[in-house]
Amino acid sequence: MWGGRFGAKPGEILQAINASIDVDRRLWAEDIEGSKAHAAMLAKQGIIAAEDAAAIQKGLDQIAGEIAEGKFAFRQELEDIHMHVEARLKEIVGDAGGRLHTARSRNDQVAVDFRLWVKRALQGTQEQLSGLIAALVETAGAHADWIMPGFTHLQTAQPITLGHHLLAYAEMAQRDRNRVTNAIANLDESPLGAAALAGTGFPIDREATAKALGFAAPMRNSLDAVSSRDFALEALAALSILSTHLSRLAEEIVLWTSPQFGFAVLSDAWSTGSSIMPQKRNPDAAELVRGKAAQAAARFAALQGIVKALPLAYAKDLQDDKAITFAAFDDAGLCLAAMTGMIGDLTFNRAAMEAAAGKGYSTATDLADWLVRELGLPFRNAHHVTGEIVKRAEDLRLPLQDVPLAEMQKVEPRIHAGVFDVLSVSASASSRKSYGGTAPENVRAQVAAWKERLK
């Protein structure tokens, strides 16, 4: 494909390191789509004959059929998907096939193919995120008033509702979706027509090819068009943050399904066993989601490392962008599917969660708030009084709500029996009605709002 200047083939090692067909064959549909748009534009502009363009279009359709049906022969010496398509096209239509590359370089060809692929992959991620949010919202609605412990430092902090906990991840997922949407908007420009790096002297119509390929506009600078990979970097950054959120939720599932917590159970469909310990139910899918978050972050760093030292315009280093990006989207798709499945599969243990919510004196803040409201204590004083009462409860080995009133009155004589109205975990959670709070009525309102947004 690039003979003439060269009198001999590349050496075997160079061919091996130079070839990318095992990776970039995934771009075949985008490559053919881009070539069809380019050929149609060339004919419309009078750059190639209409009959040549018609032959090219027919030949490209035949190649698409051969690849889709698994009948296409891939050969290492043709390097990449772009040269494979062009070589086969010339076999099918003869000299007309050689006219396709007029006013185009592999540089802008690769760039447009890759942008198209990433755009579509991001659109798929959008859809999967919507599915995850829907699963979280549905499960949250079914458990709007189920009490569980809220944690800070993985220590019992205050009672919360399970629905509220799950909706926190829905919020994260929505921000992930927003990042994906922004990434699509930022890449929605076509590099086709930038040629090698400087544009072309042929009277091409870049607006037409951009429109034909579904881009909002052509890129305004030819150097930027062929060399920039920030669209892939932004996509990988979004996937890295998304994977971090999935990893956090996966860790919750690992904890919740352990015997030590006993908050939830995954069915056989989402559990594995042990080759030696017959009693085991392992949350392997959650653990794998957690592990893949590290790879997502590493892939972003890898692509950033490739791009960071490249002068304008194109360099062969950029060939490695696709393997990294394809793998990142493959993993993200699997992880989103796994997490959506597990959220819908979990069976929660209401009694175990509520019992755990009452441990660790989780309603101590409610006691302090009551002292402020009912007795007019400054909060810092109320905090101190509550701390003394908690210490007394520890000495008596009693939960806070079972500490006798007389014992509390030894610390603060004005405390009366009304204090017991706020010391249960359900009363604590129900009282948190401030906007964004954990109260069941808040959760139900948020679930309704989410369902409306998801329509």
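The rules behind the values
- Residues numbered from 1 in each chain as written.
- Predicted model: local features only at pLDDT ≥ 70, side-chain atom pairs only at ≥ 80, totals over all residues.
- Heavy atoms only, no water.
- Helix = DSSP H or I, 4+ residues; strand = E, 2+ residues; numbered from the N terminus.
- Rg over C-alpha atoms; globule rule 2.2 N^0.38 Å.
- Buried < 20%, exposed > 50% of the residue type's maximum accessible area, 1.4 Å probe, protein only.
- Contact = heavy atoms within 4.5 Å.
- Areas by Shrake-Rupley, 256 points an atom, 1.4 Å probe, with all protein chains shown as cover.
- Core = buried A, V, L, I, M, F, W, Y, C linked by side-chain atoms within 4.5 Å.
- Phe/Tyr/Trp six-rings, centres within 6.5 Å; stacked < 30°, edge-to-face > 60°.
- Lys NZ or Arg CZ within 6 Å of the ring centre and 35° of its normal.
- Expected span 1.5 Å × (residues − 1).
- Axes fitted to C-alpha atoms, helices over the stretch in contact; angles between N-to-C directions.
- Parallel < 35°, antiparallel > 145°, perpendicular 65-115°, else oblique.
- Left-handed = near helix turned anticlockwise from the far one by under 90°.
- Nonpolar A, V, L, I, M, F, W, Y, C, P; charged D, E, K, R; others polar.
- 1 Å grid on protein atoms, 1.4 Å probe; cavity = no way out; pocket = protein on both sides within 12 Å on 5 of 7 lines; lining within 4 Å.
- Points joined across faces, edges and corners; volume = space filled by probe spheres on them.

(A) Up close: the overall build of the protein chain. Per the secondary structure count, the protein chain includes 19 helices and six strands. Computed over C-alpha atoms, the radius of gyration of the protein chain comes to 31 Å, more than 25% over the 23 Å expected from 2.2 N^0.38 for 455 residues, which places it beyond the range of a compact globule. Across its three principal axes, the protein chain shows a C-alpha extent of roughly 100 × 50 × 40 Å. In the protein chain, which comprises 455 residues, the share counted as buried stands at 47%. Taking the contacts inside the protein chain whose residues are at least 6 apart along the sequence as the reference set, 74% of them involve residues at least 24 apart. Put simply, the protein chain shows about 21500 Å² of open surface, and 53% of that area lies on carbon and sulfur atoms.

(B) Spatial organisation of the nonpolar core. Among the nonpolar cores identified, the biggest contains 89 residues, and Val118, Leu122 and Met339 are the most heavily contacted of them. Considering every element that reaches this core, the biggest residue donor is helix α11 (residues 230-256), with 14 residues. Listed in part, the 19 residues of the second largest apolar core include Val390, Val403, Ile415 and Val419.

(C) Geometry of the packing of aromatic side chains. For the structure on display, the rule yields eight aromatic pairs. A ring pair is formed by Phe114 and Phe326, whose centres lie 6.4 Å apart and whose planes are at 85 degrees; its orientation type is edge-to-face. In this pair, Phe114 sits in helix α7 (residues 106-142) while Phe326 sits in helix α13 (residues 321-345), placing the two residues 212 residues apart along the sequence. Neither Phe114 nor Phe326 differs from the other in exposure class; each is buried. On the basis of an interplanar angle of 80 degrees and a centroid distance of 5.6 Å, the ring pair of Trp117 and Phe329 is categorised as edge-to-face. With a gap of 212 residues between them, Trp117 in helix α7 and Phe329 in helix α13 connect regions that are remote in the sequence. Residue class for Trp117 comes out buried when judged on its relative accessible area of 12%. One aromatic cluster in this structure is built from Phe114, Trp117, Phe231, Phe326 and Phe329. Its end group placed over the ring of Trp450, Arg453 keeps NZ or CZ at 4.1 Å from the ring centre.

(D) Region of interest: helix α4 (residues 50-68). With 19 residues, α4 should reach 27 Å at 1.5 Å per residue; the first-to-last C-alpha distance of 27 Å fits that figure. Asp52, Ala53, Ile56, Gln57, Gly59, Leu60, Ile63, Ala64, Glu66 and Ile67 are the residues of α4 that are buried.

(E) View of the packing of helix α8 (residues 162-187) against helix α19 (residues 440-454). The N-to-C vectors of α8 and α19 enclose an angle of 30 degrees; their axes lie 10 Å apart at closest approach. Classified by the interaxial angle, the pair formed by α8 and α19 is roughly parallel. In terms of crossing hand, the pair formed by α8 and α19 is left-handed. For the pair α8 and α19, the contacting residues are Gly163, His164, Leu167, Ala170, Glu171 and Gln174 in the first and Val443, Gln446, Val447, Trp450 and Arg453 in the second. Of the residues that constitute the contact of α8 with α19, the class distribution is five nonpolar, four polar and two charged.

(F) View of the layout of surface pockets. By volume, the largest pocket amounts to about 480 Å³. Lining the largest pocket are 22 residues; nearest its centre among them are Gly150, Phe151, Thr152, His165 and Glu252. Looking at the lining of the largest pocket, the elements that each hand over two or more residues are β1 (147-152), β2 (155-161), α8 and α11. Considered class by class, the residues forming the lining of the largest pocket number 11 nonpolar, seven polar and four charged.

(G) Main features of the environment of Gly436. Following the sequence through the fold, Gly436 ends up in the loop between α18 (425-431) and α19. Judged by its relative accessible area of 54%, Gly436 falls in the exposed class. With 38 residues separating them in the primary sequence, Gly436 and Leu398 have C-alpha atoms 32 Å apart. Each residue touching Gly436, except ones within four places of it in the same chain, is listed here: His164 and Asn442.

(H) Layout of helix α15 (residues 364-375). Taking 1.5 Å per residue as the helical rise, α15 with its 12 residues ought to reach 16 Å, and the 16 Å between its terminal C-alpha atoms agrees with that figure. Every buried residue of α15 is accounted for by Ala364, Asp366, Leu367, Ala368, Trp370, Leu371 and Leu375. Next to the buried residues of α15 lie α16 (379-396) and α18. Where α15 ends, the next residue or the one after it, Gly376, has phi of about 75 degrees, a positive value.

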